[in-house]
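# Analysis of the macromolecular model
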Amino acid sequence: DAGVTQSPTHLIKTRGQQVTLRCSPKSGHDTVSWYQQALGQGPQFIFQYYEEEERQRGNFPDRFSGHQFPNYSSELNVNALLLGDSALYLCASSLRPGRGYQETQYFGPGTRLLVL
Amino acid sequence: DQQVKQNSPSLSVQEGRISILNCDYTNSMFDYFLWYKKYPAEGPTFLISISSIKDKNEDGRFTVFLNKSAKHLSLHIVPSQPGDSAVYFCAAIDYNNNDMRFGAGTRLTVKP
């Protein structure tokens, strides 16, 4: 079992560009959550996808959007990149959303995005 | 808006001794608390949790204590082992509002 995989591992973009990050959940998991971890801070919840729909959303602007595919994999898209979007983006998968999923979610290693 | 704070960025302890990692929160609506451990180049992994209706939860070498009146929780690791060296994040959940917040993490180094 490969666990949660994310691609790419590192990415450099310039301000105003758009970026797409990808996540494959752990085998058997159907729920994907995305987090942003800025340098020196803890992860911040962006949103969660289940059954190809956004189920929960944190305090992030509409520039952050996502998608979940029928095979449960997911993409995070960020438009009009800002310098402040530079961060480690973590994907986590779990089995079904709902109370307690945080204890059973598996995190991927993350994608480090640098915006110049 | 740092509702969850880990005021010690780093902690160093000797192998076999106790490690105590601290976490403070400000939002009284938080009703569930978790600790995650993160090794370099890996994602965080769940370690232990505690409900707000309890004041202690123990799992092997790991014990989490919750002091609701002080809005403070701590993670005790006894005895500490070199393999425990990692960054530890505390997190708090307000289930009523679907809000989860993480602290900034504490880097623990256990010296042999």
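See the structure above.
Structure report, in brief.

Quick notes on the rules
Residues numbered from 1 in each chain as written. Chains lettered and ligands numbered in written order. Predicted model: local features only at pLDDT ≥ 70, side-chain atom pairs only at ≥ 80, totals over all residues. Heavy atoms only, no water. Helix = DSSP H or I, 4+ residues; strand = E, 2+ residues; numbered from the N terminus. Contact = heavy atoms within 4.5 Å. Pairing = 2+ DSSP bridges. Salt bridge = Lys/Arg side-chain N within 4 Å of Asp/Glu carboxyl O. Polar contact = N/O pair within 3.5 Å; in protein donor to acceptor, adjacent residues only side chain to side chain. Disulfide = S-S within 2.5 Å. Buried < 20%, exposed > 50% of the residue type's maximum accessible area, 1.4 Å probe, protein only. Axes fitted to C-alpha atoms, helices over the stretch in contact; angles between N-to-C directions. Core = buried A, V, L, I, M, F, W, Y, C linked by side-chain atoms within 4.5 Å.

Residue and element names in this part refer to chain B. In this structure, Gln-81 sits in the loop between β8 (72-77) and β9 (86-94). In sequence terms Gln-81 and Ile-18 are 63 residues apart; their C-alpha atoms lie 9.5 Å from each other. Setting aside residues no more than four positions away along its own chain, Gln-81 makes contact with Glu-15, Arg-61 and Val-110.

So, on to the pairing of strand β6 (residues 53-57) of chain A. Residue and element names in this part refer to chain A. As paired strands, strand β5 (residues 44-50) and β6 are joined by four bridges and run antiparallel to one another. Residue pairing across strands places Phe-47 opposite Arg-57, the latter belonging to β6. If you look at the hairpin formed by β5 and β6, you'll find two residues sitting between the two strands, and Glu-51 has a positive phi there, around 50°.

The interface is formed by 17 residues belonging to chain A together with 19 residues belonging to chain B. In this structure, the connection of chain A to chain B is made through zero salt bridges. Scanning the region where chain A abuts chain B turns up seven residue pairs in polar contact (both at pLDDT 80 or more). Mapped onto the side of chain A that touches chain B, the elements with two or more residues apiece are β4 (31-37), β9 (87-94) and α1 (101-104) of chain A.

Here we take up the state of the cysteines. Here a disulfide denotes one covalent bond, and it connects the sulfur atoms of two cysteines. All names here are of chain B. All told, the structure shown has two disulfides over all chains when counted by the stated rule. Residue pairing for Cys-23: its cysteine sulfur links by disulfide to Cys-90, the two sulfurs lying 1.9 Å apart. The chirality of the disulfide connecting Cys-23 with Cys-90 is right-handed, given an S-S dihedral of about 60°. One end of the pair, Cys-23, is in strand β3 (residues 19-25); the other, Cys-90, is in strand β9, with 67 residues separating them in the sequence. The two residues Cys-23 and Cys-90 agree in class, both being buried.

Regular strands place their side chains on alternate faces of the sheet. All names here are of chain B. Across the seven residues of strand β4 (residues 32-38), seven count as buried, placing the element largely inside the fold. Here β4 shows no split at all, with Tyr-32, Leu-34, Tyr-36 and Lys-38 on one side and Phe-33, Trp-35 and Lys-37 on the other all buried. The pairing of β4 with strand β5 (residues 45-51) spans six bridges and is classified as antiparallel. Within β5, the position partnered with Phe-33 by the bridge is Ile-50.

A few words on the sheet that holds strand β7 (residues 64-68) of chain A. Residues and elements named next belong to chain A. Taken in spatial order, the four strands make up an open sheet running β1-β3-β8-β7, and their pairing is antiparallel. Of all strands in the sheet, those with a lone pairing partner are β1 (5-7) and β7, marking the two edges. Strand-to-strand twist in this sheet, taken as the mean axis angle between neighbours without regard to direction, amounts to 20°. In this sheet, strand β8 (residues 74-78) lies alongside strand β3 (residues 19-24) in antiparallel orientation, the contact comprising five bridges.

Glancing now at the nonpolar core. Residues Phe33(B), Trp35(B), Leu73(B), Leu75(B) and Tyr88(B) are the most contacted members of the largest nonpolar core, which totals 23 residues. Contributions of two or more residues to this core are made by β3, β4, β5, β7 (62-67), β8, β9 and β11 (106-111) of chain B. Looking at which element gives the most residues to this core, the answer is β9(B), with four residues. Excluding residues that lie within four positions of it along the chain, Leu75(B) makes contacts with Ser19(B), Ile20(B), Leu21(B), Trp35(B), Leu47(B), Ile48(B), Phe62(B), Thr63(B) and Tyr88(B). In terms of nonpolar packing, the next biggest core, distinct from the first, is built from 20 residues, Val4(A), Leu11(A), Val78(A) and Leu113(A) among them.

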